[in-house]
Amino acid sequence: MELTVVGDFPLSEGSKRLASETVPTADHPSKRLRQSSETPQLMTEATLSQGVDEVEHRQAGPPAWSNSRQQIGDTIEWFHCMQGGAAHNGLKCTGVLLDADNGERSLMSDEVIITRTGGDCTGAGQTLSLKQNQSPKGIIIRSIMASLRAKKPVGVIVGVRNELLKVKIPHRYCVMDWFLITNVWMEKMGKYAGFRFRLEKLDLSTKGWWAEQGPNEELPLAPRNLNRPPPTRECSVCGKPSIQVYIRPGWMCLEPSCRKFWKIGNKEPKEFEYHPDFLNYRHPRGPDIPNSGPLVNVVDRNLEPPEGVADREEWRGIVCPECRKCIQRVTWDAWDCTDDALREPEETCCYRVVRRIREIPLQSILKGVRPYTRRQLQASIQPVIDKRSLEPYELRTYEIPNGGSITHFVSNPTINERADGPNHLFSELQRLDLGLKRYPLGSAQGENEKEGGGAESHPRHLPVSSKRKSSKRKSCKKSTCRVKGTLTCHFAVNYGVPYKYVVSVESRAFSDAPVPILTALGRLSWATEKAVTGAGGQYQAPNELLALGYFEQMSIGFHDDGEKGLGPTIATLSLGTRSRMHIRMKDKYYFGISKSHVATSDDPVLPGCINEKERRSLKKSFDKGQITAEDFAAQRVAMLRRPGSRHSPKLLSLELKHGDLVVMHGAALQKYYEHAVEPDNGLRFALTARYIETNSDMDRIKGSFKLQDNQIYDGQ
Ligand SMILES: O=C(O)CCC(=O)C(=O)O
Ligand SMILES: [Fe+2]
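Within any chain, residue numbers begin from 1 and follow the written order of that chain's sequence. Here the convention is simple: chains get letters from A, ligands get numbers from 1, in the order in which they are written. Only residues with pLDDT of 70 or above have their local features reported here, since the model is predicted, and side-chain atom pairs are shown and tallied only from 80 upward, although totals for entire chains, interfaces and linings are computed over all residues. Based on all heavy atoms of the structure, the side-chain values leave hydrogens and waters out of the count.

### Looking at the overall build of the chain
Threshold: For helices the rule is a DSSP run of H or I covering at least 4 residues; for strands it is a run of E covering at least 2, with both sets numbered from the N terminus onward. For every residue, the accessible area (1.4 Å probe, protein chains only) is compared with the maximum for its type, and the residue is labelled buried under 20%, exposed over 50%, or partly exposed between those bounds. Areas reported here follow the Shrake-Rupley algorithm with a probe of radius 1.4 Å; residue values treat only the protein chains shown as occluding.
In terms of regular secondary structure, the chain is built from 16 helices and 32 strands. Buried residues in the chain amount to 55% of all 716 residues. Total accessible area on the chain stands at roughly 30900 Å², and carbon and sulfur atoms take up 51% of it.

### Quick notes on the nonpolar core
Heads up, the rule is: Buried Ala, Val, Leu, Ile, Met, Phe, Trp, Tyr and Cys residues form a nonpolar core when they are joined through side-chain atoms within 4.5 Å. The criterion used for residue contact is that any of the two residues' heavy atoms lie within 4.5 Å.
Judged by nonpolar contacts, the single largest core of 83 residues is most densely connected at Ile406, Phe409, Ile517, Leu683 and Leu687. Tallying contributions element by element places helix α11 (residues 515-534) first for this core, with 8 residues. What Leu687 contacts, discounting residues up to four positions off in sequence, is Leu429, Ile517, Ala520, Leu524, Leu545, Leu546, Ala547, Ala571, Thr572, Leu573 and Leu575. Counting 41 residues, the second largest nonpolar core, distinct from the first, contains Ile114, Met145, Met186 and Phe261.

### Observations concerning the sheet that holds strand β29 (residues 650-656)
Two modes of strand pairing occur in sheets, parallel and antiparallel, and in both the strands are linked by backbone hydrogen bonds. Heads up, the rule is: Two strands pair if DSSP finds at least two bridges between them. Comment: axis = line fitted to C-alpha atoms, over the contacting stretch for helices; angle = value between 0 and 180 degrees taken between N-to-C directions.
The sheet built from 4 strands is open, its strands ordered β26-β31-β28-β29 with antiparallel pairing. Looking at strand neighbours, the two that pair on one side only are β26 (556-559) and β29, the edges of this open sheet. Direction aside, the axes of adjacent strands within the sheet are offset by 15° on average. Summarising the sheet, strand β28 (residues 579-585) and β29 pair through 6 bridges and their orientation is antiparallel. By the bridge assignment for β29, Ile583 is matched with Leu652.

### Regarding the UniProt feature "binding site: 2-oxoglutarate" (unreviewed entry) in the chain
To keep things clear, this is the line we draw: UniProt positions are given in the numbering used here, feature names are shortened, and annotations may be inferred rather than shown by experiment. Contacts described as polar in this section are N or O atom pairs within 3.5 Å, which, within protein, must combine one atom able to donate a hydrogen with one able to accept it, while residues neighboring in sequence count only if both atoms come from side chains.
Under the UniProt annotation, the feature "binding site: 2-oxoglutarate" (unreviewed entry) is placed at His559 and His675. On the basis of their most widely separated C-alpha atoms, the annotated residues across 117 residues gather in one place, lying no more than 5.6 Å apart. Along the chain, the position of His559 falls in strand β26. The class of His559 is buried, set by a relative accessible area of 3%. A distance of 3.1 Å separates polar atoms of two side chains, one belonging to His559 and the other to Asp561. With respect to the helices, strands and loops of the structure, His675 is situated in strand β31 (residues 673-679). Among the residues examined, His675 registers a relative accessible area of 5% and is labelled buried. When sequence neighbours within four positions are dropped, the list of residues in contact with His675 reads Gly557, Phe558, His559, Asp560, Asp561, Met581, His582, Ile583, Met664 and Gln670.

### Describing the confidence of the model for the chain
Just so we agree on the cut-off: Confidence of the predictor at the level of single residues is captured by pLDDT, which takes values from 0 to 100.
Chain-level pLDDT for the chain is 83 on average; 83% of the residues reach the 70-or-more range. In this model, residues 1-53 is a region of pLDDT below 50 whose contacts with residues beyond four sequence positions or in other chains number 124 contacts. Confidence drops under pLDDT 50 across residues 465-481; counting only partners more than four residues distant or on other chains, this segment forms 34 contacts.

### Re the coordination of the iron ion (ligand 2)
Geometrically, a metal with four donors at the corners of a regular tetrahedron has ideal angles of 109.5 degrees, and one with six donors at the corners of a regular octahedron has ideal angles of 90 or 180 degrees. Threshold: Because water is not among the atoms used, a metal site may look incomplete, as its donors are only the N, O and S atoms within 2.8 Å, or 3.2 Å for Na, K and Ca.
Protein-derived ligands of the iron ion (ligand 2) are His559 (NE2), Asp561 (OD) and His675 (NE2), with the metal-ligand distances lying across 2.1 to 2.2 Å. Site description for the iron ion (ligand 2): donor spacing in sequence, H-x1-D-x113-H. With Asp561 in the loop between β26 and β27 (566-576) and His675 in strand β31, this pair connects stretches of sequence that are 114 residues apart. When its relative accessible area of 2% is taken as the criterion, Asp561 is described as buried.

### Here we look at the side chain of Asn543
Assignment of secondary structure puts Asn543 in the loop between α11 and β25 (544-550). The exposure class assigned to Asn543 is buried, which follows from its relative accessible area of 10%. A distance of 2.9 Å separates a polar side-chain atom of Asn543 from the backbone nitrogen of Ile692.

### With respect to the pairing of strand β6 (residues 112-116)
With 5 of 5 residues buried, β6 lies mostly within the body of the structure. Of the two faces of β6, the one lined by Val112, Ile114 and Arg116 and the one lined by Ile113 and Thr115 are each fully buried. With 2 bridges connecting them, strand β5 (residues 107-108) and β6 associate as antiparallel partners. By the bridge assignment for β6, Met108 is matched with Ile113. In this antiparallel pair of consecutive strands, β5 and β6, the connection spans 3 residues.

### A word on the packing of aromatic side chains
As a reminder, the rule being used: Side-chain rings of Phe, Tyr and Trp (the six-membered ring for Trp) are treated as a pair once their centres are within 6.5 Å; stacked means planes under 30 degrees apart, edge-to-face means over 60, and tilted covers the remaining angles.
Tallied over the full model, the rule gives 24 aromatic pairs. Ring centres of Trp209 and Trp210 lie 5.7 Å apart, and the angle between their planes is 85°; this geometry places the pair in the edge-to-face category. A relative accessible area of 2% means that Trp210 is categorised as buried. Arranged with centres 4.9 Å apart and planes meeting at 85°, the rings of Tyr590 and Phe591 form a pair that is edge-to-face. For Tyr590, a relative accessible area of 10% gives the class buried. The class of Phe591 is buried, set by a relative accessible area of 0%.

### A closer look at the sheet that holds strand β32 (residues 684-692)
Overall, antiparallel pairing links the 8 strands, which are arranged β21-β22-β23-β30-β27-β32-β25-β24 in an open sheet. The open sheet is flanked by β21 (384-386) and β24 (491-496), the only strands paired with a single partner. Strand after strand, the sheet turns through a mean of 15° between neighbouring axes, direction not considered. Bridging between strand β23 (residues 405-410) and strand β30 (residues 661-665) involves 5 bridges; their strand directions are antiparallel. Bridge pairing links Ser405 to His665 in β30. Most of the contacts of α11 go to β30, to which it runs at about 50°, and overall it touches β23, β24, β25, β27, β30 and β32.

### Here we look at helix α4 (residues 139-150)
Counting along an α-helix, one turn takes 3.6 residues, and residues three or four places apart therefore face a common direction. To keep it simple, the criterion reads: Under the convention used throughout, the expected extent of a helix is 1.5 Å for every residue step, that is, one less than its residue count.
A rise of 1.5 Å per residue sets the reference length of α4, with its 12 residues, at 16 Å; its end C-alpha atoms lie 16 Å apart and thus fit the reference within 8%. Every buried residue of α4 is listed here: Ile141, Ser143, Ile144, Met145, Ala146, Ser147 and Leu148. Positive backbone phi, at 55°, marks Lys151, one or two positions downstream of α4.

### Observations regarding the environment of Ile327
Relative to the assigned elements, Ile327 resides in strand β18 (residues 326-327). With relative accessibility at 3%, the residue Ile327 sits in the buried group. Separated by 25 residues in sequence, Ile327 and Arg352 have C-alpha atoms that sit 9.6 Å apart.

### Observations concerning the packing of helix α9 (residues 422-431) against α11
Heads up, the rule is: Handedness of each helix crossing follows the sense of rotation of the near helix against the far helix: counterclockwise by less than a right angle gives left-handed, clockwise gives right-handed.
Across the interface, α9 lies against α11 with an axial gap of 10 Å and an inter-helix angle of 145°. When the axes of α9 and α11 are compared, the crossing they make is left-handed. Across the interface between the two elements, Pro422, Leu425, Glu428 and Leu429 of α9 pack against Pro516, Ile517, Thr519, Ala520 and Arg523 of α11.

### What to know about unusual backbone geometry
Cis rather than trans, the peptide bond between Arg248 and Pro249 has omega equal to 15°. Within the secondary structure layout, Pro249 lies in the loop between β15 (246-248) and β16 (273-274). That bond from Glu391 to Pro392 is cis: its omega, 5°, falls within 30 degrees of zero. Positive phi, normally seen in glycine, also occurs at Arg105, with a value near 65°. When you line up the elements, Arg105 lands in the loop between β4 (93-98) and β5. Assessed through its relative accessible area of 17%, Arg105 is described here as buried. For Gln553, which is not a glycine, the phi torsion comes out positive at approximately 70°. Position of Gln553 among the secondary structure elements: in the loop between β25 and β26.

Structure follows, in structure tokens:
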């Protein structure tokens, strides 16, 4: 492995002089530059010198904190990241999280942090260890190097599992401050070589909230020296320079490709003590350090929202101006500090700011829409098109192999503009208080795992894919991890018989439903009947309606709707912005094997699955009793491969436009296949009606409805 050890920035002549000559005084101009967590920081020579001998004040507490990763990721600009210890924007590291395991020899003091980079590890929590030498090509290390070179300040967050700080960490995750990455180097950690890096608090004029209480609060707690950088020496074998990190055992070559790497004589050292200069030096703060911007944005959300948008800003988290918690947008029309499923008993803040989006005219959403490309709308199944039977709708029916059918009722302006039609419903749903909320994972159902296996399937709550428009999202590919408390990426409310989509919330009775919900139910009942009878089935009126609301960049990930007791037919009405609905085989049926290499127990060998021919003949032998169940499973395990991150390919992608209806018919469709919906930018509602069996009288009452004459739909 070739690696150039990136060392310290040399002190410039100017800064050396400055460090030794400047004497801070009470009316020093740097006082005017004192930074709060909300003002952009520009480190000047004056700021640096002012911080040398004197500290002006201690922060009272974290400028922002949260109970979950998602709350932080949703709110803190520089930490849009759901997994791992470092966030980046695709190029540079923007933030670091120091939680459970920071590795041996890690250190956190008032102003200096020494830790390791993540990645290439096995184990979890406190017992992470490297499983191979870390490569300098990994995105995390590249981004850390890029921030080091650019002197780009990174935000640091500390988690309550961190054992390096001496003070009590007040919340699960707490924002610390801006830090500078000053050094990156490699060390042997266990059997392998890995990266470590050193960070320095950027603003030396204030004490962080985590600083230990000292006897003299006027003095900086951490010793500093500005004019004595730690020694750097060239290796006599490889000729490369390495900084002296440790006074004990002494200088070592930190170039991993060198045979002298991490050796004193010919031996690897066992005991370590940091070189005091490595801990105490401070990198010069000059105008070459880019403006870091605000650490935490406390935005005034009381301002009137802009007209005609439901964009990401409308549902990004905010930092509570009162208690500093990161509050996610849980409710359709408010940020509410009390509305946190992970709220701790001691939390008492009741801050709430109501912000209803201003009504978004349909025309603004529909205008200038460019057609989807063929690639975006792949379809290996061709529909049967019927333009006549239910005119003015066009019907497109897709037969799904061993999975029933999907009927797409394509709408048009004639239908949409009629009284009580989709245009009217779109406007009404925006005006009404439907009770839409985002629900936390753990209290929601509908995950693909409920049938066992398929742990890789994408939960319905989370975005369809990480390939979103913004580069920030792209930078965190694992943002879709399933952590308890993670909120759905859409708003939901249920009417009628509880769908168990959200177990913790009672469904509202149809008798209490606003009129547009019943109007929609009338249309969905009509479409259900037409599709079912068209397929030769028996119609059963729906008794449940789930309304979903999507702001921009929201979506629903791959999932099935197959709850216990669910009837075979599911009808959805789309309102607002256009979207793509994707259908694919569940991974466990496509690959025939789970990620942990367990053969799928009830594998029907669906047409189009991987190794179809071989799987079918093996299944035949088993069905005929020619091989035992053990052999059947063993032979499939030997034959089938499951590439790590790959999913079953999309079978069908439909373009759902405003006013369109889609009916999925057949229990097998939910058992073997899954669907996801990815709206374009703009506001969208999806109203889905189903029939659900129930033994509860109360649920039956909730699910019963009587439509007014004008709510009964006849397809016109
Ligand atoms: O948004 C959509 O069109 C789909 C909704 C859906 O799949 C569901 O409610 O289960
Ligand atoms: Fe669904």
